[in-house]
Amino acid sequence: DRDRDSADWKKARDVRVALSLAIDRQAMVNNLAFGAGVPSYLGWMTGREPQVKEYGLDKLVRDFDPAQARTLLAGADLAGGFTLPATIYQAFNPGNIEAFMAAIANWEDIGVTTEITNTTYGTVRPTLVNRTAKGMWSFSDSHTFSPIAAYGLFYSAHSALNFGFEHPDLQALIDAANKVTKIDDLRSYEADIAR
């Protein structure tokens, strides 16, 4: 339900937030990257630390809080957990499979089991393009020369490759950002989209 005041919207949001709260990002940095790095909370803003700080996006973090994750799942009538499809494939960045497996282990700690499918990106991409992909997949983001290019590709309803996050409000921001000509205006829209 696209109505942000609906019970369905709240349940979907609470489940997504619960899954995020269950991920120990600092442990991933410590164990997978040997402590070299920082946790990432915003897609497509990696390497844009000055912009992230300027727009206050550095305050948008998710604490590692499995107890709160369980509370949110209980509020969404999923206290007993649920099964989540998880598709694993090598995607663009080294370590994306290992990071995804770490997230899966964190989700198991809050009662979310996964049905894992191992495949290739070539198999996954058509399901993204035709909007039939279900569950989570091991995609990873990276530095990008223009966050709006990534947002427009992955979150726009008009894109051939959409990750399933389309919403009229988000679409309006992407459309407006694609019409500006001043870089400061573009950066402001990118910050709003990241929020």
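Residues numbered from 1 in each chain as written. Predicted model: local features only at pLDDT ≥ 70, side-chain atom pairs only at ≥ 80, totals over all residues. Heavy atoms only, no water.

1. Some details on the overall build of the protein
Step number 1: When helices and strands are counted, the protein shows 9 helices and 3 strands.
Step number 2: Taken from the N to the C terminus, the helices and strands of the protein come in the order α-α-α-α-β-α-β-α-β-α-α-α.
Step number 3: Compactness check: the protein gives a C-alpha radius of gyration of 17 Å against a globular reference of 16 Å for 195 residues, within 12% of the reference.
Step number 4: Seen along its three principal axes, the alpha-carbon backbone of the protein occupies a region of about 50 × 40 × 35 Å. (Helix = DSSP H or I, 4+ residues; strand = E, 2+ residues; numbered from the N terminus. Rg over C-alpha atoms; globule rule 2.2 N^0.38 Å.)

2. Things to note about the nonpolar core
Step number 1: In this structure, Trp44, Phe139, Tyr151, Phe154, Tyr155 and Phe163 are the most contacted members of the largest nonpolar core, which totals 25 residues.
Step number 2: For this core, the elements supplying multiple residues, two or more each, are α6 (121-129), α7 (147-155), α8 (168-177) and α9 (183-194).
Step number 3: Here this core takes 5 residues from α7, the largest share from any one element.
Step number 4: When sequence neighbours within four positions are dropped, the list of residues in contact with Phe139 reads Trp44, Tyr89, Ala91, Phe92, Phe154 and Phe163.
Step number 5: Listed in part, the 23 residues of the second largest apolar core include Leu72, Leu84, Ile88 and Trp107. (Core = buried A, V, L, I, M, F, W, Y, C linked by side-chain atoms within 4.5 Å. Buried < 20%, exposed > 50% of the residue type's maximum accessible area, 1.4 Å probe, protein only. Contact = heavy atoms within 4.5 Å.)

3. Focus: the packing of aromatic side chains
Step number 1: Tallied over the entire structure, the rule returns 4 aromatic pairs.
Step number 2: Taking 4.9 Å as the distance between ring centres and 20 degrees as the angle between the ring planes, the aromatic pair formed by Trp44 and Phe154 counts as stacked. You can see Trp44 sitting in the loop between α2 (25-32) and α3 (49-54) and its partner Phe154 sitting in helix α7, a full 110 residues away along the chain.
Step number 3: Using a relative accessible area of 7% as the deciding quantity, one classes Phe154 as buried.
Step number 4: With 5.8 Å between their ring centres and 35 degrees between their planes, Tyr89 and Tyr121 make a pair best called tilted. Here Tyr89, found in the loop between β1 (82-88) and α5 (96-108), pairs with Tyr121, found in helix α6; they are 32 residues apart in sequence, far enough to count as distant. (Phe/Tyr/Trp six-rings, centres within 6.5 Å; stacked < 30°, edge-to-face > 60°.)

4. Section: the environment of Ala194
Step number 1: Of note, Ala194 is situated in helix α9.
Step number 2: For the pair Ala194 and Tyr41, spaced 153 residues apart in the sequence, the C-alpha separation amounts to 9.6 Å.
Step number 3: Ignoring any residue separated from it by four or fewer positions in sequence, one finds Ala194 in contact with Leu42, Met45, Leu57 and Tyr151.

Shape descriptors only; they carry no functional weight alone.
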